[in-house]
Amino acid sequence: MKSISIKLWGLMLALVFIALALIWCFQIVFLESFYFNIHERKLLTEGNHLVAMIKNNEEKYIIEEKLDELLLKYNARIDLYTPNGVEIYSSEAAPKMMGVDKNIFLMEVIKSKKPVSTFKENRMGSSLFLVGLPVIRDNVMTAAVIMTTPVASLEETVDTLKEQFVIISLILISVSAILAYVFSRYFTKPILEINKAAKTMAEGNLSIRVPVSTKDELGMLSSTINHLSSQLQKIEQLRKDLIANVSHEFKTPLSLIKGYAETMRDVENISEEKRYKQLNIIIEESDKLNHMINEILDLSQIQSDYYNLNRTDFSISDTIRAVVNRLAYHTENKNLRIEVDCMDALLIYADEKRIEQVIYNLLNNAINHSEQQSSIFIRAIDHGSVIVVEIEDHGEGISQEEIPYIWDRFYKAKEASAKHKGSGLGLAIVKSILEAHKANFGVESEIGKGSKFWFEIRKSA
Ligand SMILES: Nc1ncnc2c1ncn2[C@@H]1O[C@H](COP(=O)(O)OP(=O)(O)OP(=O)(O)O)[C@@H](O)[C@H]1O
Ligand SMILES: [Mg+2]
């Protein structure tokens, strides 16, 4: 398995190796050249200083002080020559020249008229570092300064460093291998847990939860997985409830149909009147089943279409009038008066068919729960960016305790269900449609006085 932990581990070790390689280069390979560059720079600076003093004709004792200082600081021997190679001054101190031919170097300085530096080895095999500087006044070379310093051999130092480097490398590699292993396990453990949880969920166990121990991205992922599983659990519960509700709702009409059909088959000598009554019950119950199936199909379609509204600009007033006309038969039956109060050109931006369904369900309820000869008001009120549609009846009303539940599927209020036999899906459909439109909606109702259902819908831009 090419797992993330192996990759992380490899990556961390690679970083350590790169760091070690860099240290090796700088500490061991380039150490010597670094050291000499720094040394040369220092001597050149000091030498230039000395040359400046000579050119300025400083007092003799000041120059001598400087020479002493250089001797103490760098163990440097200083010689001054004329351009012809005649020695003017020599500090006569260490280091021992022993066979180093200074004249060749002096000639180089005199010829090039520029600062020159070089290494020389004396007879004893120890190295000397020579820096030569010309003293130039008005383009004429008046003298040459030669500074000679002993340089410690770096070989031993490099050897010590090499040995140390090997030890440090061994320690560092083993420690970092262990640490990298621990870290990579630490980071991949939650991923493995999440993977396990997701697998369990896929197998159908939705009660599984991933422990959320950190607040980083992995912690966030764990919470998301937990959220997902609780949402799935809810959906699963809804599905079970729906099936239970549906079967329960279907039972009564089906048993009635079956019962009456059996009576008609088995009982002889039924009067014509009775037969007609029983057949009517069978037809009514079949209609009810048909109505319920249509509503269930509608609801499931709306819910699966949640994000798929077919929005257009249309006149809400036309829609309201169309619904009122569709329900005219029922209003006339009950002798109800329907008062529509809306301006003609109220354009809204919504799914026309769905909004018509909302108004239909609300008006249908108002008609079903109104007393004979009462009035129903439908208003569309312009509230600036939204239009509020109200459907108000003066029927039996809904008790405060029941109001929160009337939007649930299959919920039928106690008062009402005795008289009116609906399936309790109308308002669930209304709710789904309005939620899909992100519209506000609600109801105000009082027992005995009536109900006012309302919703807000966005106007056309
Ligand atoms: N205008 C109203 N006045 C009084 N009660 C109402 C009104 N509208 C709804 N209700 C109550 O809310 C319940 C749920 O209404 P909903 O429209 O969802 O179902 P239903 O009308 O019983 O059946 P259907 O699915 O045929 O519409 C009703 O059973 C009723 O008790
Ligand atoms: Mg209804």
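Residues numbered from 1 in each chain as written. Chains lettered and ligands numbered in written order. Predicted model: local features only at pLDDT ≥ 70, side-chain atom pairs only at ≥ 80, totals over all residues.

Observations concerning the overall build of the protein
Looking only at helices and strands, the protein has twelve helices and twelve strands in total. Relative to the globule expectation of 23 Å for 461 residues, the C-alpha radius of gyration of the protein, 51 Å, shows a markedly less compact shape. Its C-alpha atoms give the protein principal-axis dimensions of about 155 × 55 × 35 Å. By the burial criterion, 22% of the 461 residues in the protein qualify as buried. Put simply, of all contacts in the protein between residues at least 6 apart along the chain, 67% involve residues at least 24 apart. (Helix = DSSP H or I, 4+ residues; strand = E, 2+ residues; numbered from the N terminus. Rg over C-alpha atoms; globule rule 2.2 N^0.38 Å. Buried ≥ 20, exposed ≤ 12 C-beta atoms within 10 Å, placed from the backbone. Contact = placed C-beta atoms within 7 Å.)

Overview of the domain arrangement of the protein
Accessible area lost when the parts come together is the quantity often used to give the size of an interface. In terms of domains, the protein is made up of domain 1 (4-156), domain 2 (217-300) and domain 3 (308-458). Summarising the inter-unit geometry, the C-alpha centres of domain 1 and domain 2 are found 102 Å apart. (Domains from an automatic or database assignment.)

Some remarks on the sheet that holds strand E10 (residues 386-393)
Judged by pairing direction, the sheet is mixed, and its five strands sit side by side in the order E7-E9-E10-E12-E11 without closing on themselves. The open sheet has two edge strands, strand E7 (337-342) and strand E11 (441-446), and neither has a second partner. On average, each strand axis in the sheet is inclined to that of its neighbour by 10°, with strand direction left out of account. Note that E7 and strand E9 (residues 375-383) share six bridges and pair parallel. Across the sheet, residue Asp-341 finds its bridge partner in E9, namely Arg-379. Across the face of the sheet, helix H8 (residues 316-326) comes into contact with E7, E9 and E10 while running at roughly 175° to E7. (Pairing = 2+ DSSP bridges. Axes fitted to C-alpha atoms, helices over the stretch in contact; angles between N-to-C directions.)

Some thoughts on the nonpolar core
The biggest cluster of nonpolar side chains holds 37 residues, and the ones touching the most others in it are Ile-316, Val-358, Ile-359 and Leu-362. Ala-76, Leu-106, Leu-128 and Phe-129 belong to the second-largest nonpolar core, a separate cluster that totals 21 residues. (Core = buried A, V, L, I, M, F, W, Y, C linked by C-beta atoms within 7 Å.)

Let's talk about the environment of Tyr-181
Summarising the element assignment, Tyr-181 is placed in helix H5 (residues 155-202). Judged by the 16 C-beta atoms lying within 10 Å of it, Tyr-181 is partly exposed. The spatial distance from the C-alpha of Tyr-181 to the C-alpha of Ile-6 is 8.2 Å, given a sequence separation of 175 residues.

Remarks on the sheet that holds strand E1 (residues 77-81)
Overall, antiparallel pairing links the five strands, which are arranged E2-E1-E5-E4-E3 in an open sheet. What marks the edges here is a single partner per strand, and that holds for strand E2 (87-90) and strand E3 (116-121). Looking at each pair of strands side by side, their axes are set apart by 20° on average, direction ignored. The pairing of E1 with strand E5 (residues 140-151) spans five bridges and is classified as antiparallel. Following the sheet pairing, Ile-78 is matched in E5 by Met-147.

Some thoughts on the packing of helix H6 (residues 217-266) against helix H7 (residues 272-304)
Direction vectors running N to C along H6 and H7 enclose 155°, while the axes themselves pass 9 Å from each other. Of the possible angle classes, the one that applies to H6 and H7 is roughly antiparallel. Read as a crossing pair, H6 and H7 show a hand that is left-handed. Across from Val-246, Glu-249, Phe-250, Pro-253, Leu-256, Ile-257, Tyr-260, Ala-261, Thr-263 and Met-264 in H6, the residues of H7 making contact are Arg-275, Gln-278, Ile-281, Ile-282, Glu-285, Ser-286, Lys-288, Leu-289, Met-292 and Ile-296. Tallied by class, the residues present in the contact of H6 with H7 amount to 13 nonpolar, three polar and four charged. (Parallel < 35°, antiparallel > 145°, perpendicular 65-115°, else oblique. Left-handed = near helix turned anticlockwise from the far one by under 90°. Nonpolar A, V, L, I, M, F, W, Y, C, P; charged D, E, K, R; others polar.)

So, helix H12 (residues 426-436)
Taken across its eleven residues, H12 has eight buried, putting it largely inside the fold. Among the residues of H12, those classed as buried are Gly-426, Leu-427, Ala-428, Ile-429, Val-430, Ser-432, Ile-433 and Leu-434. Against H7, helix H10 (352-368), E11 and strand E12 (450-458) lie the buried residues of H12. Following H12 by one or two positions, Lys-438 adopts a phi angle in the positive range, close to 55°.

Describing the environment of Glu-121
By the element assignment, Glu-121 lies in strand E3. Along the backbone, Glu-121 and Phe-165 are 44 residues apart, and their C-alpha atoms lie at a distance of 30 Å.

A word on unusual backbone geometry
In this model, Gln-373 sits at a positive phi of 65°, which is unusual for a non-glycine residue. As for its placement among the helices and strands, Gln-373 is situated in the loop between H10 and E9. Classification of Gln-373 as exposed rests on a count of 9 C-beta atoms within 10 Å.

Here we look at the packing of H7 against H12
Interhelical geometry of H7 versus H12 gives an angle of 15° and a closest axis separation of 10 Å. Relative to H12, the element H7 is oriented roughly parallel. You can see that H7 and H12 cross each other, and the crossing is left-handed. Only Ala-428, Ile-429, Ser-432, Ile-433 and Ala-436 of H12 make contact with H7, whose side of the interface consists of Glu-295, Asp-298, Leu-299, Ile-302 and Gln-303.

Looking at the environment of Ile-429
Relative to the elements of secondary structure, Ile-429 occurs in helix H12. Placed 119 residues apart in sequence, Ile-429 and Asn-310 show a C-alpha to C-alpha distance of 17 Å. Ignoring any residue separated from it by four or fewer positions in sequence, one finds Ile-429 in contact with Glu-295, Asp-298, Leu-299, Ile-302, Gln-357 and Asn-361.

Some details on H6
Spanning 50 residues, H6 covers 72 Å between terminal C-alpha atoms, matching the ideal 74 Å at 1.5 Å per step. The largest bend in H6 amounts to roughly 30° and is located at Lys-251, with the proline Pro-253 lying one to four residues further along. Residues of H6 that are buried: Ser-222, Ile-225, Ser-229, Glu-249 and Pro-253. Next to the buried residues of H6 lie H5 and H7. (Expected span 1.5 Å × (residues − 1). Bend = angle between axes of the 7 residues up to and from the residue.)

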